[in-house]
Amino acid sequence: MFEAAETLTRDALAWLRLLVETLGAIVIAVGIAAALLALVRHALGRSDAGFNQVRLRLGRYLLLALELQLAADILSTAIAPSWDQIGKLAAIAIIRTLLNYFLMLEIREEEGERKRNKDVSPG
């Protein structure tokens, strides 16, 4: 009885992990498409958004995708993980958290600079 429940839970978690990983990939694809569209609009002179604003937009998508990918990794070790899996998860979590942290710092810095430039500019 417990074996069947464990198998069902493992299968459900595998599907959930796949769904979360797929959502992360979709978020990245949408972010790339949005960034490319903004760059094309900028190149055609139809938008005032500069390169840094496009980078910030893509960065926001990447932050969300990193969170989703980390969630998928956590799901993959949710049931009876081995020490090897826990070690890999810890390494992945540290790397993704650091990426997330530094990306967020850069976004805040760019937004602060953009706000300061907006406050200083006449009009």
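What you see is a predicted model; the values in this text were computed from it and never measured. (Residues numbered from 1 in each chain as written. Predicted model: local features only at pLDDT ≥ 70, side-chain atom pairs only at ≥ 80, totals over all residues. Heavy atoms only, no water.)

### What about the overall build of the protein chain?
Phase 1: Of regular secondary structure, the protein chain possesses 3 helices and 0 strands.
Phase 2: Over its C-alpha atoms the protein chain spans a radius of gyration of 20 Å, topping by over 25% the 14 Å that the globule rule assigns to 123 residues.
Phase 3: Partitioning the intrachain contacts of the protein chain with sequence separation of at least 6 by distance along the chain shows that 75% fall at a separation of at least 24.
Phase 4: In the form shown here, the protein chain has an accessible surface area of approximately 9000 Å², with 66% of it arising from carbon and sulfur atoms.
Phase 5: Side chains of the protein chain give 14 positive and 14 negative charges; the mean places of these two sets differ by 8 Å. (Helix = DSSP H or I, 4+ residues; strand = E, 2+ residues; numbered from the N terminus. Rg over C-alpha atoms; globule rule 2.2 N^0.38 Å. Contact = heavy atoms within 4.5 Å. Areas by Shrake-Rupley, 256 points an atom, 1.4 Å probe, with all protein chains shown as cover. Lys, Arg positive; Asp, Glu negative; His and termini not counted. Charge placed at Lys NZ, Arg CZ, Asp CG, Glu CD.)

### Re the packing of helix α2 (residues 51-76) against helix α3 (residues 83-120)
How two helices pack is summed up by the angle between their axes together with the distance between the axes.
Phase 1: Relative to each other, α2 and α3 sit at 160 degrees, their axes nearing to 9 Å. In terms of orientation, α2 and α3 fall into the roughly antiparallel class. Handedness of the α2/α3 crossing: left-handed.
Phase 2: Partitioning the contact of α2 with α3 into residue classes produces 13 nonpolar, 8 polar and 9 charged. (Axes fitted to C-alpha atoms, helices over the stretch in contact; angles between N-to-C directions. Parallel < 35°, antiparallel > 145°, perpendicular 65-115°, else oblique. Left-handed = near helix turned anticlockwise from the far one by under 90°. Nonpolar A, V, L, I, M, F, W, Y, C, P; charged D, E, K, R; others polar.)

### Overview of the packing of helix α1 (residues 2-43) against α2
Phase 1: Contact geometry of α1 with α2 gives a least axis separation of 8 Å together with a crossing angle of 175 degrees. By the angle between their directions, the pair α1 and α2 is classed as roughly antiparallel.

### Remarks on the confidence of the model for the protein chain
Detailed reading of predicted coordinates is not advised where the pLDDT is low.
Phase 1: Residues at a pLDDT of 70 or more form 97% of the protein chain, whose mean pLDDT is 86.
Phase 2: Ranking the helices and strands of the protein chain by mean pLDDT puts α1 first, with 91, and α3 last, with 84. (pLDDT = per-residue confidence, 0-100.)

### Re the packing of aromatic side chains
Phase 1: Per the stated rule, a full pass over the model turns up 1 aromatic pair.
Phase 2: Ring geometry for Y101 and F102: centres 5.2 Å apart, planes at 75 degrees, overall edge-to-face.
Phase 3: A relative accessible area of 48% places Y101 in the partly exposed class. (Phe/Tyr/Trp six-rings, centres within 6.5 Å; stacked < 30°, edge-to-face > 60°. Buried < 20%, exposed > 50% of the residue type's maximum accessible area, 1.4 Å probe, protein only.)

### Here we look at the nonpolar core
For soluble globular proteins, nonpolar side chains are generally found buried alongside one another.
Phase 1: Among the nonpolar cores identified, the biggest contains 7 residues, and these are L13, V20, V27, A65, L68, A72 and L75.
Phase 2: Breaking this core down by element, the ones donating at least two residues are α1 and α2.
Phase 3: The biggest single contributor to this core is α2, with 4 residues.
Phase 4: Not counting residues up to four positions away in its chain, the partners in contact with V27 are Y61, L64, A65 and L68. (Core = buried A, V, L, I, M, F, W, Y, C linked by side-chain atoms within 4.5 Å.)

### Section: the side chain of D73
Phase 1: The residue D73 is located in helix α2 in this model.
Phase 2: Look past the residues within four positions of D73 in its chain and what remains in contact with it is L89, I92 and R96.

### Topic: α3
Phase 1: Compared with the 56 Å implied by 1.5 Å per residue over 38 residues, the 55 Å span of α3 between its first and last C-alpha is a close match.
Phase 2: Inspection of α3 places L89, N100, L103, I107 and E110 among the buried residues, and these make up the whole buried set.
Phase 3: Those residues of α3 that are buried lie in contact with α2. (Expected span 1.5 Å × (residues − 1).)

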